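Residue strings, one per chain:
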Amino acid sequence: LLTLPARRHFLFSAAAEFHDGGIQLRFVPAACLRQGMVNGKDLWGQGGLLLLRQGHIITDTHIARIVSLGYFGVYIADNLSKDIEIEGVIDDNLRQRTSHAIKNIFIQSEKTGNPQALDVPALKRIAEELVDNILSHQHLMVNMIDLKIFDDYTFVHSVNVAVLAVVLGIALDMGKDELTKLCLGGLLHDIGKVFIPKHILNKNGRLTAEEFSVIQAHSEQGYKYLKNNWEIPVTAQNAVLYHHEKYNGTGYPEQKKAGDISLFGRILGIADVYDALVSERPYRKALLPSEAIEYLLGNAGSHFDPDLVRLFVRKVAPYPLGTCVTLSTGQNAIVVENYENFCTRPKVKIIDDSPEDTFIRLADDYSAQNITITAIANI
Ligand SMILES: [Fe+2]
């Protein structure tokens, strides 16, 4: 075990004013929130509405609202969080603007059905801005809970898929032009859903086989729609067409296999499933990031390109920073650092009453070889 002094440095000046020594937060799932906790990060709602300001004390009314809106949880500033420095892979404001822009594009497409009406230059500018932003944070692993603070599923999901795809594209050493095209594909991957009847798309109960095939048509419909606008890059069009193909040929619409599925299509397939799994849906609870990573690994080679899954798990943290976990020793700890090469073995800080901070580097502390993370702690 290592006992180290607490690290402190500034990441953003605005937050430094709020909390001495930089952004120091931990993520608390919605079910574990308690009255009196201090909100650590502005919480935005639908349509750019500020729901809860950074620094505000959380009340039971706030908690009820956070739960009813389906939030994954919020960032809290407290004693436990004093060594956790959270920096998102994209800026909150940019994420929010992108989500609104995508929403407008979906509304416009549904209203007109005319691909020529798409403002592609504006969309490309957004994609470029996203790519620049992610490139400037490329040293970070993705903390997926960072991407979960808005409640408008389809549009937030589109942004998340684009972000995850670009992260994977960067890991593949793609240039900026390629990344921008990949980002466009991610942002538009589900555009075909605007042509699916709402009563089927939003149905809460079990879908009939016929309804299921109507929904499955969205990838082809999206492709046909975008194909009629020459400003959309062909690789992005194909990514939309192939984002539900599976590596073993059991996907749709063309049952393509392995390398016959375009690279962008294989990338979007992973990003799409990962984000869907860690999102709360009306018909099922969200999976934990660690569970979603297990799912990807379990289906690598059958549903997903195994080489891409291997890269993905280096970049997306199964135990995001600020997650409270229980160790096999029975102790609770908080994740303070992640390592690309040892994604399930982060550095953690033990939560106890001792005045000294105790850190364990699960990846390489010799004395920690037998210690495992057994659960997400409810504290
Ligand atoms: Fe889709």
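Heads up: the structure comes first, above all this text.
Described below are features of the structure shown in this document. Everything numeric here is computed off the predicted structure, so don't read it as measured data.

A few points about the sheet that holds strand 7 (residues 332-337)
Paired through backbone hydrogen bonds, the strands of a sheet run either parallel or antiparallel to each other.
Next, step 1: With antiparallel pairing, the five strands of this open sheet are ordered in space as 9-8-7-6-10. Since the sheet does not close on itself, it has two edges, and those belong to strand 9 (359-361) and strand 10 (373-376), each with one partner. Strand-to-strand twist in this sheet, taken as the mean axis angle between neighbours without regard to direction, amounts to 40 degrees.
Next, step 2: Pairing analysis gives four bridges linking strand 7 to strand 8 (residues 347-350), with the strands arranged antiparallel. The partner of glutamate 337 across the bridge, within strand 8, is lysine 347.

Section: the pairing of strand 6 (residues 324-327)
Next, step 1: Residues Cys324 and Thr326 of strand 6 are buried on one face, and the alternating residues Val325 and Leu327, pointing to the opposite face, are buried as well.
Next, step 2: The pairing of strand 6 with strand 7 spans three bridges and is antiparallel. What sits directly across from threonine 326, in strand 7, is asparagine 332.
Next, step 3: Joining the antiparallel neighbours strand 6 and strand 7 is a turn of four residues, in which glycine 330 adopts a positive phi near 95 degrees.
Next, step 4: Relative to strand 10, strand 6 runs antiparallel, the two being bridged by three bridges.

A short note on the nonpolar core
Next, step 1: The biggest cluster of nonpolar side chains holds 60 residues, and the ones touching the most others in it are Ile134, Val163, Cys183, Leu187, Leu226, Tyr274 and Phe312.
Next, step 2: Top element by residues in this core is helix 5 (residues 153-171). It accounts for 11 residues.

With respect to the coordination of the iron ion
Next, step 1: For the iron ion, every protein donor is listed as Asp190 (OD), His218 (NE2), His243 (NE2) and His244 (NE2), and the spread of their distances is 2.2 Å.
Next, step 2: Given four donor atoms and angles of 83 to 173 degrees at the metal, the environment of the iron ion is assigned as irregular.
Next, step 3: For the iron ion, the single-chain donor residues occur in sequence as D-x27-H-x24-H-H. Residue histidine 218 is located in helix 9 (residues 218-227), and its partner histidine 244 is located in the loop between helix 10 (234-242) and helix 11 (263-277); the two are separated by 26 residues in the primary sequence.

Some words on the packing of helix 11 against helix 13 (residues 306-315)
Next, step 1: Their axes nearest at 10 Å, the elements helix 11 and helix 13 cross at an angle of 50 degrees. Relative to helix 13, helix 11 is oriented oblique. For the element pair helix 11 and helix 13, the recorded crossing hand is right-handed. Between helix 11 and helix 13, the contacting residues are Leu263, Arg266, Ile267, Ile270 and Tyr274 on the first element and Leu308, Val309 and Phe312 on the second.
Next, step 2: For the contact of helix 11 with helix 13, the per-class residue count stands at seven nonpolar, no polar and one charged.

As for the pattern of salt bridges
Next, step 1: Under the criterion given, the structure shown has 13 salt bridges.
Next, step 2: With its nearest N and O atoms 2.8 Å apart, the salt bridge here joins lysine 203 to glutamate 211.
Next, step 3: Classification of lysine 203 as partly exposed rests on a relative accessible area of 29%.
Next, step 4: Of the residues examined, glutamate 211 reaches a relative accessible area of 16% and is grouped as buried.
Next, step 5: Among the salt bridges present, the one from arginine 361 reaches aspartate 364, with a minimum N-O distance of 2.9 Å.
Next, step 6: Connected through shared salt-bridge partners, Arg314, Lys315 and Glu340 make up one network.

Points about the environment of glycine 113
Next, step 1: Positionally, glycine 113 belongs in the loop between helix 3 (92-112) and helix 4 (120-136).
Next, step 2: Classification of glycine 113 by relative accessible area gives partly exposed; the value is 37%.
Next, step 3: C-alpha separation for the pair glycine 113 and valine 194, spaced 81 residues apart in sequence, amounts to 8.9 Å.
Next, step 4: In this structure glycine 113 touches Gln108, Phe195 and Tyr225, once residues within four positions along its chain are discounted.

A word on the pairing of strand 5 (residues 73-77)
As a general feature of sheets, a regular strand has side chains that alternate between the two faces.
Next, step 1: The buried fraction of strand 5 amounts to five of the five residues, a majority that puts the element mostly inside the structure.
Next, step 2: Bridging between strand 1 (residues 26-29) and strand 5 involves four bridges; their strand directions are antiparallel. Counted as the bridge partner of valine 28 is valine 74 from strand 5.
Next, step 3: In terms of strand pairing, strand 2 (residues 38-39) meets strand 5 through two bridges, oriented antiparallel. Residue pairing across strands places valine 38 opposite alanine 77, the latter belonging to strand 5.

Here is what the cut-offs are and how they apply
- Throughout, residues of each chain are indexed from 1 in the direction in which the sequence is written.
- Local features in a predicted model are, by the rule used here, given only for residues with pLDDT of at least 70; side-chain atom pairs are given and counted only at 80 or more, and totals for whole chains, interfaces and linings are based on all residues.
- The basis for the side-chain values is all heavy atoms of the structure; hydrogens and waters are excluded.
- Strands pair, by our definition, only if DSSP identifies at least two bridges between them.
- Each helix is a run of DSSP H or I of at least 4 residues and each strand a run of E of at least 2, with the numbering of both proceeding from the N terminus.
- Note on geometry: axes are lines fitted to C-alpha atoms, helical ones only across the stretch in contact, with angles between N-to-C directions running from 0 to 180 degrees.
- Only protein chains enter the accessibility calculation, which uses a 1.4 Å probe; a residue is then buried when its area is under 20% of its type maximum, exposed when over 50%, and partly exposed in between.
- Put simply, a nonpolar core is a bunch of buried Ala, Val, Leu, Ile, Met, Phe, Trp, Tyr and Cys residues held in one set by side-chain atoms that sit within 4.5 Å of each other.
- Donor atoms are limited to N, O and S found within 2.8 Å of the metal ion, a distance that becomes 3.2 Å for Na, K and Ca. With water left out, some sites might look partial.
- Angular criteria define each label, namely tetrahedral for four donors with all angles between 85 and 135 degrees, square planar for four and octahedral for six donors with opposite donors over 155 degrees apart and remaining angles between 65 and 115, and irregular for whatever fails these tests.
- The labels follow the angle: roughly parallel below 35 degrees, roughly antiparallel above 145, roughly perpendicular from 65 to 115, and oblique for the rest.
- In this scheme the crossing of two helices becomes right-handed for a clockwise turn of the near helix relative to the far one and left-handed for an anticlockwise turn of less than a right angle.
- Working rule for contacts: check all heavy atoms of both residues, and any pair within 4.5 Å makes them a contact.
- Basically, the charged four are Asp, Glu, Lys and Arg, the nonpolar ten are Ala, Val, Leu, Ile, Met, Phe, Trp, Tyr, Cys and Pro, and anything else, Gly included, counts as polar.
- A pairing counts as a salt bridge when a side-chain nitrogen of Lys or Arg comes within 4 Å of a carboxyl oxygen of Asp or Glu.

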